[in-house]
Amino acid sequence: MPDSTLRYRRILLKLSGEALAGDDSGIDPAVLDQFAWEIHELAKAGVQIGLVIGGGNIFRGAGLAAAGMDRVTGDYMGMLATVMNALAMQDALRRLGTEARVMSALAIAAACENYSRERALQHLDKGRVVLFAAGTGNPFFTTDSAAGLRAIEIGAEIMFKATNVDGVYTADPKKDPNAQRFESLSYDEALRRQLMVMDHTAIILCRDHNMPLMVFDIHQQGNLLRAVRGEAVGSLVVKE
């Protein structure tokens, strides 16, 4: 029976690739299993979960593009890194007994399904976690934009951006001790202040489709469950 304490029943979770790396690059198995357990518990409680994982722990196309690599080539390599992370998370979830499906915006039939909105909705309705990989399938778009797009397409009630900080700040809290955390703010304010909530394309997409966003610290165990219960564990970004 679904947990009556949960505020949201269908969510899109955006997880950075760097969050999977622990203290090093690549994928830290202990970190992967911790996140998988929290997602597994939510799915078991009846939450329908779409998941987008970045690829920055494996490859960052923008950095090599700045060093001279063709940007389109770098972006496609970054998309493939997100597929690797999604496959790792699928495996971790299945080991816990939660059914999961990787759906890629790039055709990689031997490893995962091609993305189809109709099939994604069917998987969600059956209680499967759906991992959306390879971004939008197009260069020049970030995984933040892909997460916003997929959240809107599946009719998520909210998008959660799981990061290494506990919300949105007026400045980088690691560099500025006077940085102030927002409990809530509008997408327009984030744009005006040039806050690094998400890239501008993703912010405008979510704003124009009235998709609320919660930014929170995923490394604090239990935060994901608290966020889905509607507790103020981070910063809520909404349309003005």
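In this text the structure is predicted, and so the values were computed from the model without any measurement. Counting from 1, residues in each chain are numbered in the order their sequence is written. Given that this is a predicted model, residues contribute local features only at a pLDDT of at least 70 and side-chain atom pairs are listed and counted only at 80 or more, while totals for whole chains, interfaces and linings are drawn from all residues. Excluded from the side-chain calculations are hydrogens and water; all other atoms, namely the structure's heavy atoms, are used.

A.B. asks: Would you take a moment to explain the pairing of strand 8 (residues 213-217) for this structure?
C.D. replies: For a regular strand, side chains alternate in direction, first toward one face of the sheet and then toward the other. Relative accessibility decides the category of a residue: with a 1.4 Å probe and only protein chains considered, values under 20% of the type maximum give buried, values over 50% give exposed, and everything between is partly exposed. Think of it this way: any DSSP run of H or I at least four residues long counts as a helix, any run of E at least two long counts as a strand, and we number them from the N terminus. Summarising burial for strand 8: five of the five residues are buried, a large majority. Because side chains alternate across strand 8, one face comprises the buried residues L213, V215 and D217, and the other comprises M214 and F216, equally buried. Here five bridges tie strand 6 (residues 158-163) to strand 8, and the two strands are oriented parallel to one another. From the neighbouring strand, F160 faces strand 8, where its bridge partner is M214. Strand pairing is assigned whenever DSSP identifies at least 2 bridges connecting the two strands. Relative to strand 9 (residues 235-238), strand 8 runs antiparallel, the two being bridged by three bridges. Note that in strand 9 the partner of L213 across the bridge is V237.

A.B. asks: Whenever I open this one, the pairing of strand 6 confuses me. Can you help?
C.D. replies: Of all six residues making up strand 6, six are buried, and the element is well covered by its neighbours. Going residue by residue along strand 6, you find I158, F160 and A162 tucked away on one face and M159, K161 and T163 tucked away on the opposite face as well.

A.B. asks: Got a minute to help me understand the packing of helix 1 (residues 29-44) against helix 3 (residues 71-96) in this structure?
C.D. replies: Working note: a packed helix pair is described by the angle between its axes plus the distance between those axes. A fitted line through C-alpha atoms serves as each axis, taken over the contacting stretch for helices, and the angle formed by two N-to-C directions is quoted from 0 to 180°. The N-to-C vectors of helix 1 and helix 3 enclose an angle of 60°; their axes lie 9 Å apart at closest approach. Comparing the axis directions of helix 1 and helix 3 gives the class oblique. In the crossing of helix 1 with helix 3, the sense of the turn from one axis to the other is right-handed. Counted together, L32, D33, F35, A36, W37, I39 and H40 of helix 1 and A88, M89, A92, L93, R95 and L96 of helix 3 form the full contact between these two elements. We call Asp, Glu, Lys and Arg charged. Ala, Val, Leu, Ile, Met, Phe, Trp, Tyr, Cys and Pro are nonpolar, and the rest, Gly among them, are polar. Split into classes, the residues belonging to the contact of helix 1 with helix 3 amount to 10 nonpolar, one polar and two charged. Orientation labels follow simple angle bins: below 35 degrees gives roughly parallel, above 145 gives roughly antiparallel, 65 to 115 gives roughly perpendicular, and whatever is left gives oblique. Each crossing is labelled by how the near helix is turned from the far one, with a counterclockwise turn of less than a right angle marking it left-handed and a clockwise turn marking it right-handed. Contact between two residues is taken to exist if any of their heavy atoms lie within 4.5 Å; hydrogens are not considered.

These figures capture arrangement, not role.
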